[in-house]
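So the chains spell out like this:
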Amino acid sequence: MKNLVDIYRIDNFIDTFALGHYARVLEAQDKRNGQIVAFKVMRPEHLAADGEPRWEYRAFANEADLLMRLTDSPHTVNLIDCGYVSGENEAPISGDIESFGRDVIGFSQGMEKFSNRGWRPYLALENLPRNENLFYQMRPDKPGLRLRLPTEEGLALALQFAEMLKLAHANSVAYLDHKLEHVYWDGIHFRLIDFNSSRLVDPKQADSEQLICNDIHSLCVGILYSIFTGLSPQKTALRPQPGSVNDVDARYQDVNSLDFGVEPTLSPALEALLQRGATRQITTAEDFIKGLHEVASLHGWDFPGSYTSPISRDVRTQMRAGIAKMRRGQDQLREARDLFREAAIQDEITDDLEAELRRLVKSVNDMLQNRVIP
Ligand SMILES: Nc1ncnc2c1ncn2[C@@H]1O[C@H](COP(=O)(O)OP(=O)(O)O)[C@@H](O)[C@H]1O
Ligand SMILES: [Mg+2]
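What counts and how
Residues numbered from 1 in each chain as written. Chains lettered and ligands numbered in written order. Predicted model: local features only at pLDDT ≥ 70, side-chain atom pairs only at ≥ 80, totals over all residues. Heavy atoms only, no water. Phe/Tyr/Trp six-rings, centres within 6.5 Å; stacked < 30°, edge-to-face > 60°. Helix = DSSP H or I, 4+ residues; strand = E, 2+ residues; numbered from the N terminus. Buried < 20%, exposed > 50% of the residue type's maximum accessible area, 1.4 Å probe, protein only. Axes fitted to C-alpha atoms, helices over the stretch in contact; angles between N-to-C directions. Parallel < 35°, antiparallel > 145°, perpendicular 65-115°, else oblique. Left-handed = near helix turned anticlockwise from the far one by under 90°. Contact = heavy atoms within 4.5 Å. Nonpolar A, V, L, I, M, F, W, Y, C, P; charged D, E, K, R; others polar. Near = heavy atom within 4 Å. Polar contact = N/O pair within 3.5 Å; in protein donor to acceptor, adjacent residues only side chain to side chain. 1 Å grid on protein atoms, 1.4 Å probe; cavity = no way out; pocket = protein on both sides within 12 Å on 5 of 7 lines; lining within 4 Å. Sits in = over half its atoms within 2 Å of the grid points.

Considering the packing of aromatic side chains
Here the structure, examined in full by the defined rule, presents 15 aromatic pairs. Both rings, one in Tyr-57 and one in Tyr-84, keep their centres 6.3 Å apart while their planes meet at 20°; by these two values the pair is stacked. One end of the pair, Tyr-57, is in helix H2 (residues 55-69); the other, Tyr-84, is in strand E5 (residues 79-85), with 27 residues separating them in the sequence. What makes Tyr-84 buried here is its relative accessible area of 1%. Between the aromatic rings of Tyr-84 and Phe-100, the centroid separation amounts to 6.1 Å while the plane-to-plane angle is 85°, which identifies the pairing as edge-to-face. Of this pair, Tyr-84 sits in strand E5 while Phe-100 sits in the loop between strand E6 (96-99) and helix H3 (104-109), and the two are 16 residues apart along the sequence. Judged by its relative accessible area of 22%, Phe-100 falls in the partly exposed class.

Details of the packing of helix H11 (residues 310-344) against helix H12 (residues 351-369)
In the contact formed by H11 and H12, the axes pass within 9 Å of each other and the chain directions differ by 155°. Comparing their axes, H12 and H11 come out roughly antiparallel. For H11 against H12, the interelement crossing comes out left-handed. Facing Gln-330, Leu-333, Arg-334, Arg-337, Phe-340, Arg-341, Ala-343 and Ala-344 of H11, the residues of H12 in contact are Glu-354, Leu-357, Arg-358, Leu-360, Val-361, Val-364, Asn-365, Met-367 and Leu-368. Counted by class, the contact of H11 with H12 contains 10 nonpolar, two polar and five charged residues.

Topic: the site of ligand 1
The full set close to ligand 1 counts 22 residues, and Tyr-22, Lys-40, Glu-126, Asp-194 and Asn-196 are the nearest of them. Measuring from an oxygen atom of ligand 1, one finds a backbone N or O atom of Tyr-22 at 2.8 Å. Within the contact set of ligand 1, a nitrogen atom lies 2.8 Å away from a backbone nitrogen or oxygen of Glu-126. Its atoms largely coinciding with the cavity grid, ligand 1 occupies the second largest pocket. Where the shell around ligand 1 is concerned, the elements lending two or more residues are strand E3 (23-30), strand E4 (36-42) and strand E7 (120-126). Broken down by class, the residue content of the shell around ligand 1 amounts to 12 nonpolar, five polar and five charged.

Right under this line is the structure:
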């Protein structure tokens, strides 16, 4: 047992745009090595008066265990440390800490003891940049704005996600908690967080095939439909998805048809594939990957066994170069806007300068509203 402040400097909440049911998440610095981490700590309301660890408490050991089983995947967030903290402050800025590092077995075995003491479990995770969170990128806070990923990027994300599920399923893990809030995307790499609603599936158990199939269904309905249309699968504008254990099971249960009416130019083959996922006709990650390969080959991708004409291949290369330039261009627009904004709030500048700077900020913001990439 140590003083928390000797091990972590706890900074701001970083989850405010997408609150979770189990945890609060804060930026923190591990003072042992200087590393900045995402400190995911159980919400105090899940502590039980009788000291018995509730479902939410147990979910932390479950998440740590599943993350360690999937460390081979480049797509799952890295677990850096886990343990328990004393105190009931939502933000644990003082009190005591027991840190287990990556000793997930010791962490799990300590559960009853620390729960009885009224301590809360935490996981220190690799800190992923907020502006790569897909829910954040799609700007659900802006009414009337509907953004979508370019098909090229969406296909790349779908393939990486499907490969991750393939590896998870091969390790008997079903992810289950599909929502944009849990996906990070920088235009090239896909990363996934929040495995506390995920489950170990025993291939011998009757419902294992159904859980695996649910994973494909939820990926198609809960993630891919949204990234290609900018809508929630419930056909509303994007909104946060509820996250308790019952919500995770029920969230997309009734969604078995997808309406692509808002995106008339979307590839019919892609729509058909996602629709097959929505009707639960795709039962394994392998089958889904096969389907994605067929769709992607219509978009200039090359795979062994699926033909793309040389001209389509070249055109895809050109399109990718264009998309990369768009991303750089949008980044530069944001940087320019920030320069104008910072300048506009300097004390003692003339009204004339301030008015011009504010006009520039607004003008760039209007341009960014109509951006091509979320
Ligand atoms: N590793 C991370 N890096 C950056 N932000 C994170 C990280 N993990 C979680 N968050 C933020 O905190 C929010 C809640 O985390 P999550 O793991 O989904 O908690 P819960 O299990 O309560 O749903 C996420 O939506 C995200 O905004
Ligand atoms: Mg969550």
